[in-house]
Structures are given as C-alpha cells and as structure tokens.
Amino acid sequence: MLDVDAPAPDSRFVGVTGTAPLDGLRVVEGSAFVAAPSGGMTLAQLGAEVVRFDRIGGGIDHGRWPLTAEGRSLYWAGLNKGKKSLTVDLANPAAHELLAELIGSAGTFLTNFPARGWMAPERLVARRADLVMVAITGNRDGTTAVDYTINAAMGFPMATGPAGGTEPVNSVLPAWDLLCGQTAAVGILAADRRRLLTGEGSVMTLALSDVALAATAALGYVGEVQVNGTERPRCGNDLYGAFGADLSTVDGRRLYAVAISRRQWDALLEATDSAAAVAEVEAARGLDFDDEGDRFEARQQIKAAMQAWTGDRPFTEVAERLDACGVCWGPYQTFTELVARDPRCSPAGGLLVEVDQPGIGQYLAPVSPLTPTDAGGRTMSEGGSDAVAPVLGEHTDEVLAGWLGLSSADIGRLHDEGVVSGADTG
C-alpha cells in the first residue's frame, strides 16, 4: 500500500461531522415545478443544507395538486422534504440584495427562474468567483417549455398507446422533469468536485428540452430514423424489439412479464408451462427465439401460449409460480393498490418513513433510494431522511442569522419593512 499524506482539510468543512455524504454543502434553491425542486431534494436527502426561497405567500407551485381536503399541497410537501424555507418580497430590490448575498455565502445556486437581473450569473460571480450555479431553462434559447410540451415534441406520445392507434397518448409521469432534476444534481456535484480540486467555480445552463433530446437519442430513436429510415411503431403494451407480455389471470388480475435475457426467457417458459407450444411456433415460423427480435416478431403467438396457462389460474397461484421460477414480472395496480399491497409502503420497508407534516398530518415519505456506507461498510446517516417539508418561511430568521450573521435587530427591521416573512401557518 502506498504511504501518502492525507490532504489538508478544506477550511470550509472544518467542524463538519461527515455523518452524511454531502455534509458541508450549502445550496440555495430558487425554483418552481418539478425539475429544480427534485434536484434540490436529492441533494438534501444526502446531507446538503438546502435553503429554498419563495415569494411571501408561496410561489406558483405551493398549492399544486394533489391537495388534501384542507387544501394543502402534497405535491409541494413531497418535493421539498428536508429543505429549509426562506420567504421574501421578490419585487423588492432589498430582497434581491439579500438573496444575492445569501447565494454568495452558500457558494452553490440551483434555479429554474430566469437567470437575469439580480440573478444574472455575471452579477453573482462578481460576488463570489468560485460560485457553482446550475440554471435550468425550458429550451436552450431561454424560451418557455415544460415537461408535457417537450414530451409531445419528442415523439413519445405518437409511439404510446394501442397498436394501430393514431391519437397521441401523453404520459402522466413527468419523466423529463425528474431526469432533468437528477442531471442538475449531478452537475452541481461535478462542479463542486472541480471547485475542491482547482478552486474554480462553474456556471452551467441546463435546458429541459436538451435533457429530453439527449435521452431520446441515447435510446436509439434518433439513429433509427437517420440510419434505417424508420421509427419505432406503436405496439401497445408489447416491448419493442424484445418480449414483454401483458397477461391476465382467471380472477381478473393483470401482470406484466419481461424476458430480455436468456435466463429470463427460460424462466418464463418454465413458469407458464409453455416451452413446447412456443417451440412449435418457433419451428413453424422459421424463427430463432434465442434472438429477442424474433421473439418480438412472434410476440402475439408466444403471448397466447403463455396466456393459456395464466388465464386458467388465480393471481396468487400465478404469482407464486413466477417467483419460484425467477421470472421478471410485476402486477398492474392502481396507486391505491400499490399502497395497500407493496410491503415497502410501510416504515418497516426501509424506503418510506412516517412523517408528521405540519398542515397535513402523518403519512409516508421517502428517504433517498441510495444507501450510502462508509469504508467499513457501516450505513451513513442521510440528511433529511426523516425530515418534513418546511412550512413556508419557517427558517427565514434562522438562515439570515446563521448564514449571513445578521443580528436580531437587523432581522426585525427586514420584517418590519416587508422584505422578509416568517412562517406562514395559514
């Protein structure tokens, strides 16, 4: 083993306990919708101290659906778990000055607000040369776009839905927003590493439409058009280019089974007692089912052979058999059925913890899906792992005092002048 001297600790991290992976990282977040808040929450769940600023009374997503009967947003609570909240009068130049100073103090800024005026990168960098900043936009030119408009333009709604259909079918999952948020979080961590190594900051822009197009191209759909002169057809619940089957049971339950690898294919044939019938299809059509493309070509006949077995049995028997044979599968179910049936939807499952969210009450909220361990294999704590989302403005005074060193008199004056606000319990 090489005998090397450990590097001197960075002065910014003196006193940091190291109990969570991102201890010592401070982030200011100015955000709305999904992408930026999900990126900030990812950092908070791994130990970063993330302060979100909003206008007094809440931003445009503070009351977004789903809502409780009392009108509280489960959406907002879900995407801001483990953060701190600062509320200011965003129309007041004094608030702009305060926020710019806060960003300079933190050294890291994540936003999807327009990066102009007081938030212009050059003005923020003038305050702190080693600033790390990620500015999310809709399109690269700064024009407006959201997940649902971008998804329409990417082509996926024209490939989603029943075979033979002609109407676009949108996804209810804001996949591009979520992917953009994770890309932003990775960008911040990469830039922070560069700053630790070189002392230099980074200002990055990230367009939601670029995230979507990059993913679409990486999946081969752009190349399919350019190289083959074709595009993927609409094939319903079938798995394009491979084998995935929507199967039903005698008691009306439905499931989805996938066979991509050879092991998965053999397991599914064994579980559904369909090997002989499928071999007949293979021989009759002159295909080679070792090739997943050939399985796709004969998917309807293969599915029929497997459905003959599942369709005669109740779901519980089918599930036990699929599990015993090592089949890759999952049940179709509603959100309500997910909560009722999935063993992870309980504190004992390890992923969701019960929180007592002010204004909402007790319900399950996620910790980070990552399970960080130290060099000895011991699980490290997670920042915000059991923390609730903040009440709007809950941490205004704490942040102004702790991050900027303002006195009680200074903070009181800011409140009196309407520049900032405290906790909104209404």
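What you are looking at is a predicted structure, and each value in this text was computed from that prediction instead of being measured.

Cut-offs used in this document
- Residues numbered from 1 in each chain as written.
- Predicted model: local features only at pLDDT ≥ 70, side-chain atom pairs only at ≥ 80, totals over all residues.
- Heavy atoms only, no water.
- Helix = DSSP H or I, 4+ residues; strand = E, 2+ residues; numbered from the N terminus.
- Buried < 20%, exposed > 50% of the residue type's maximum accessible area, 1.4 Å probe, protein only.
- Areas by Shrake-Rupley, 256 points an atom, 1.4 Å probe, with all protein chains shown as cover.
- Lys, Arg positive; Asp, Glu negative; His and termini not counted.
- Charge placed at Lys NZ, Arg CZ, Asp CG, Glu CD.
- Pairing = 2+ DSSP bridges.
- Axes fitted to C-alpha atoms, helices over the stretch in contact; angles between N-to-C directions.
- Parallel < 35°, antiparallel > 145°, perpendicular 65-115°, else oblique.
- Contact = heavy atoms within 4.5 Å.
- Nonpolar A, V, L, I, M, F, W, Y, C, P; charged D, E, K, R; others polar.
- Patch = residues over 30% accessible without salt bridge, like charges linked within 9 Å, V, L, I, M, F, W, Y side chains within 5 Å.
- Salt bridge = Lys/Arg side-chain N within 4 Å of Asp/Glu carboxyl O.
- pLDDT = per-residue confidence, 0-100.
- Core = buried A, V, L, I, M, F, W, Y, C linked by side-chain atoms within 4.5 Å.

## Things to note about the overall build of the protein
Inference 1: When helices and strands are tallied, the protein shows 16 helices and 12 strands.
Inference 2: Taking the principal axes of the C-alpha coordinates as reference, the protein spans close to 85 × 60 × 50 Å.
Inference 3: With 426 residues in all, the protein has 40% of them scored as buried.
Inference 4: Per element, the accessible surface of the protein, about 21700 Å² overall, is 56% carbon and sulfur.
Inference 5: The distance from the centre of the 33 positive side-chain charges to the centre of the 55 negative ones in the protein is 2 Å.

## A closer look at the sheet that holds strand β9 (residues 328-331)
Inference 1: One open sheet holds the 3 strands; their spatial order is β7-β8-β9, and the pairing between them is antiparallel. With partners counted over all chains shown, the strands left at the sheet margins are β7 (243-248) and β9, one partner each. Within the sheet, the average angular offset between the axes of one strand and its neighbour, ignoring direction, is 20°.
Inference 2: Across 4 bridges, strand β8 (residues 254-259) lies against β9 in antiparallel orientation. Bridge assignment links Val-258 to a residue of β9, and that residue is Cys-328.

## Digging into the packing of helix α9 (residues 262-271) against helix α12 (residues 299-310)
Inference 1: For the pair α9 and α12, the least separation of the axes is 9 Å and the interaxial angle reads 45°. Taken together, the axis directions place α9 and α12 in an arrangement best described as oblique. The segment α9 lies against α12, with Trp-265, Leu-268, Leu-269 and Ala-271 engaging Ile-302, Met-306 and Trp-309.
Inference 2: Residues belonging to the contact of α9 with α12 are distributed by class as follows: 7 nonpolar, no polar and no charged.

## Digging into unusual backbone geometry
Inference 1: Here Trp-65 and Pro-66 are connected by a cis peptide whose omega angle stands at 5°.
Inference 2: At Phe-33, a residue that is not glycine, the phi angle is positive and equals roughly 65°.

## Some remarks on a nonpolar patch on the surface
Inference 1: A cluster of nonpolar side chains, contributed by Phe-33, Ile-60, Val-146 and Tyr-148, occupies part of the molecular surface with about 350 Å² of accessible area.
Inference 2: Residue placement: Ile-60 occurs in the loop between β2 (49-55) and α2 (74-79).
Inference 3: Judged by its relative accessible area of 56%, Ile-60 falls in the exposed class.

## Observations concerning the confidence of the model for the protein
Inference 1: Per-chain confidence: the protein averages 93 in pLDDT, with 92% of residues scoring 70 or above.
Inference 2: In this model residues 1-15 is a low-confidence stretch, pLDDT under 50, and it forms 9 contacts with partners more than four residues away in sequence or in other chains.

## Regarding the nonpolar core
Inference 1: Val-28, Phe-53, Leu-86, Leu-102, Phe-109 and Leu-400 are the most contacted members of the largest nonpolar core, which has 27 residues in total.
Inference 2: With 7 residues, helix α3 (residues 93-106) is the single largest residue contributor to this core.
Inference 3: Counting residues in each nonpolar core, the second largest holds 26 residues, with Val-134, Trp-176, Ala-184 and Val-211 among its members.

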